[in-house]
Amino acid sequence: MSSLSKQHRNTGITLNSRAHGGANGFSKSSRTISTARRGKRAVKSNGLSAAHVDAIPVVTLILGDGVGPEVIGAAVEVIKAAGVKIDWDRQAAGAGALKRYGNPVPDDLLESLTRTGVALKGPLETRVGVGYRSINVYLRKTFDLYANLRPTVSFKGVHTPFRDVDLIVVRENTEDLYSGIEHEVAPGVVESIKIITARASKRIARFAFEYARRNRRKSVTAIHKANIMKLSDGLFLECARSVAKGYPEIRYQEQIVDAACMRLVTNPSSFDILLLENLYGDIVSDLCAGLIGGLGLVPGANYGDKGAIFEAVHGTAPDIAGKNLANPIAAILSAAMMLEYLGRSAAARKIRAAIAAVLRSGRVLTRDLGGEASTLEMTEAVVQAMRRSRS
Ligand code: ATP
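Residues numbered from 1 in each chain as written. Predicted model: local features only at pLDDT ≥ 70, side-chain atom pairs only at ≥ 80, totals over all residues.

Participant: It is not clear to me how the overall build of the chain should be interpreted in this structure. Could you clarify?
Facilitator: On a plain count of helices and strands, the chain comes out with 11 helices and 14 strands. Considering the chain as a whole, with its 391 residues, one finds that 52% of them fall into the buried category. Pairs at least 24 apart in sequence give 75% of the contacts found in the chain among residues at least 6 apart. (Helix = DSSP H or I, 4+ residues; strand = E, 2+ residues; numbered from the N terminus. Buried ≥ 20, exposed ≤ 12 C-beta atoms within 10 Å, placed from the backbone. Contact = placed C-beta atoms within 7 Å.)

Participant: Would you take a moment to explain the packing of helix H5 (residues 198–214) against helix H6 (residues 232–244) for this structure?
Facilitator: Packed helices, taken two at a time, are described by the angle their axes make and the gap between the axes. Relative to each other, H5 and H6 sit at 45 degrees, their axes nearing to 8 Å. With respect to H6, the axis of H5 lies oblique. Read as a crossing pair, H5 and H6 show a hand that is right-handed. Contacts from Ala198, Ser201, Lys202, Ala205, Arg206 and Phe209 in H5 reach Leu235, Phe236, Cys239, Ala240, Val243 and Ala244 in H6. Looking at the contact of H5 with H6 residue by residue, the classes come out as 9 nonpolar, 1 polar and 2 charged. (Axes fitted to C-alpha atoms, helices over the stretch in contact; angles between N-to-C directions. Parallel < 35°, antiparallel > 145°, perpendicular 65-115°, else oblique. Left-handed = near helix turned anticlockwise from the far one by under 90°. Nonpolar A, V, L, I, M, F, W, Y, C, P; charged D, E, K, R; others polar.)

Participant: How should I be thinking about the site of the ligand in this particular structure?
Facilitator: Looking at the ligand, there are 18 residues lining it, with Gly296, His314, Gly315, Thr316 and Asn327 nearest. Residue composition of the shell around the ligand, grouped by class: 9 nonpolar, 6 polar and 3 charged. (Near = placed C-beta within 6 Å.)

Participant: Even after reading the chapter, I still don't get the environment of Gly307, so can you show me in this structure?
Facilitator: Checked against the element boundaries, Gly307 lands in the loop between strand E13 (301–303) and strand E14 (308–310). On the neighbour-count criterion, Gly307 (28 C-beta atoms within 10 Å) is buried. Residues Gly307 and Tyr341, 34 residues apart in the sequence, show an inter-C-alpha distance of 9.5 Å.

Participant: Before we go on, may I ask you to explain unusual backbone geometry in this structure?
Facilitator: A negative phi angle characterises most non-glycine residues, just as the trans form characterises most peptide bonds. Even without glycine at this site, Ala317 takes up a positive phi of about 45 degrees. Summarising the element assignment, Ala317 is placed in the loop between E14 and helix H9 (329–341). The backbone of Asn324 shows a phi angle near 60 degrees, a positive value even though the residue is not glycine. Mapped onto the elements, Asn324 comes out in the loop between E14 and H9.

Participant: How do you make sense of the packing of H9 against helix H10 (residues 345–361) when you look at a structure like this?
Facilitator: Two numbers describe how H9 lies on H10: the axes approach to 7 Å, and their chain directions differ by 160 degrees. Looking at the two axes, H9 sits roughly antiparallel to H10. Both H9 and H10 take part in a crossing whose hand is left-handed. Where H9 approaches H10, its residues Ile329, Ile332, Leu333, Ala336, Leu339 and Glu340 are matched on the opposing element by Ser345, Ala347, Ala348, Ile351, Arg352 and Ile355. Grouping the constituent residues of the contact of H9 with H10 by class yields 9 nonpolar, 1 polar and 2 charged.

Participant: For this particular structure, what's the right way to read the environment of Asn302?
Facilitator: One can find Asn302 in strand E13. For Asn302, a count of 25 C-beta atoms within 10 Å corresponds to the buried category. Placed 130 residues apart in sequence, Asn302 and Glu172 show a C-alpha to C-alpha distance of 9.7 Å.

Pasting the structure below:
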């Protein structure tokens, strides 16, 4: 079985902060994700609020664009087969919502997220160089989902140059060059502003170390380019170092991003938890995905103090969208992270075990993994593996 199951006992968030919006081009309103419509919320020992396990949790469901409806549909199917009841609040976002409602972030979506505090989300289209700003980034900022957790773990049966990759990417999710502050200084000259603050750097470092402590991980490596960006990356490192002092049992290391990439593709096992700013985190997590067989296998979660959005690392994959070819595993694993967050750990474990069994057997693999199976066949294989484990 994949060691994913051991990694998500909890997320380790213990900090307090206020949700904030702004600087993103859509709305200036502050939003705080609050309680679910049905069912009480319980505060877990890690400080996260999660739907009370006795109640049916209400979760915002965003199918998304491109392959989103296919892979999120698969995740919903697998959750149902795992025996977990969810009251899905379906909402449109992104290109689909723009087409239907003339707005890529409808108010109903924001209200739903504010109410439920939890979402399972497909990828949303962001045009390159033109058009509206990234809705993914907008949602993370608006709800202050400051910690992006992306576990990248090898699966038996998926053949890659490395066998025992077990990396956790912890990416700061609210600032850096994703601030979206860009302007033309003069014709032919543009400026993009990189924002790094001590507050955001410290809280993401604390998230990484708390996660390490609670999940008994050995080391945290801060990845940076402070030799060039002495002030911004320098501040990020300074904050990571000061937080590291409070966790003497966890080894703290630093590495320049280019050297870290080289080390990742030659000796990935020499890393454990990677702590990165927003942009490096995005790039390095795709690199890490490549180490274990591709984007079709890597889940993700965006955590804030008051809520979370679960989404795969991959984008809309327009080249294979609507063709029943997408690998649904990343979305299903993201759903398993969500179940963990909702206190349904047994179901999450069951799903992960079924995925590990399907991949290990090698009989049903999607094209990205060298097989011929469709999205639906892969989903069905996971459902059947869960049924077999029950009997
Ligand atoms: P976007 O602009 O939405 O980020 P993209 O194509 O630039 O889209 P991804 O969607 O992440 O970026 O896709 C990168 C590559 O990985 C594409 O070739 C895509 O087909 C492949 N890919 C992504 N997700 C999956 C998946 N779930 N199953 C199979 N292949 C995938």
